[in-house]
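A structural walkthrough
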Amino acid sequence: MRPGFDEPAPVLYAERGASWWPVLWGPAFCLVGVVVELLRPGGMGLGTWVLVALAFTVAAAVWVRARRAIGAVELTPFVLRQGREDLPVERIEAVTDVGAQVGAKVLGGGWSVPKGATALPIRLDDGAVVLAWARDAQALRDALIRLLERPS
């Protein structure tokens, strides 16, 4: 068995990327619509509101699922996962005293650090500087420092 590949590794730091509560927006708005419809004569009817609520729920679920995949951060003893990209921890050389270079590659496959996240410059074993990111970049940095200080 290869650690990190065939067996689950302990998670040292994680961010979900998004929560599921926005899926409730559509049904909540439609419930308000149903109440308004009940208070006035005529209207669309309950069946239409159910279809609208279902459409909003499906659209929100797709959106949240994508945000969870693209915005997730996970650090294990073997891999730093940033969105859709995995960086082996063995490639990380330093996370302190690393300056963010203009044009540095952003981990995770995006053009820039995701909205609401803070950049964390990381120097790799080949001397390249990449930008990791997290909502709590200091906590991710601390977890990486603890991991890099461990004896191999």
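Anything mentioned here points back to the structure above.
Cut-offs and rules
Residues numbered from 1 in each chain as written. Predicted model: local features only at pLDDT ≥ 70, side-chain atom pairs only at ≥ 80, totals over all residues. Heavy atoms only, no water. Core = buried A, V, L, I, M, F, W, Y, C linked by side-chain atoms within 4.5 Å. Buried < 20%, exposed > 50% of the residue type's maximum accessible area, 1.4 Å probe, protein only. Helix = DSSP H or I, 4+ residues; strand = E, 2+ residues; numbered from the N terminus. Expected span 1.5 Å × (residues − 1). Contact = heavy atoms within 4.5 Å.

The biggest cluster of nonpolar side chains holds 24 residues, and the ones touching the most others in it are Tyr13, Leu75, Leu80, Ile92, Ile122, Leu140 and Leu144. Among the secondary structure elements, those contributing two or more residues to this core are strand S2 (73-75), strand S7 (118-124), strand S8 (129-134) and helix H3 (137-149). A total of five residues in this core trace back to one element, the largest contributor, which is S8.

Counting through the fold element by element, valine 58 comes out in helix H2 (residues 46-70). What makes valine 58 partly exposed here is its relative accessible area of 48%. Note: C-alpha distance between valine 58 and glycine 26 (32 residues apart in sequence) is 9.0 Å.

With that settled, the discussion passes to H2. With 25 residues, H2 ought to run about 36 Å at 1.5 Å a step, and its terminal C-alpha atoms sit 36 Å apart, in line with that. Taken together, the buried positions of H2 are Trp49, Ala53, Ala60 and Val64. Against the buried residues of H2 lie helix H1 (25-39).

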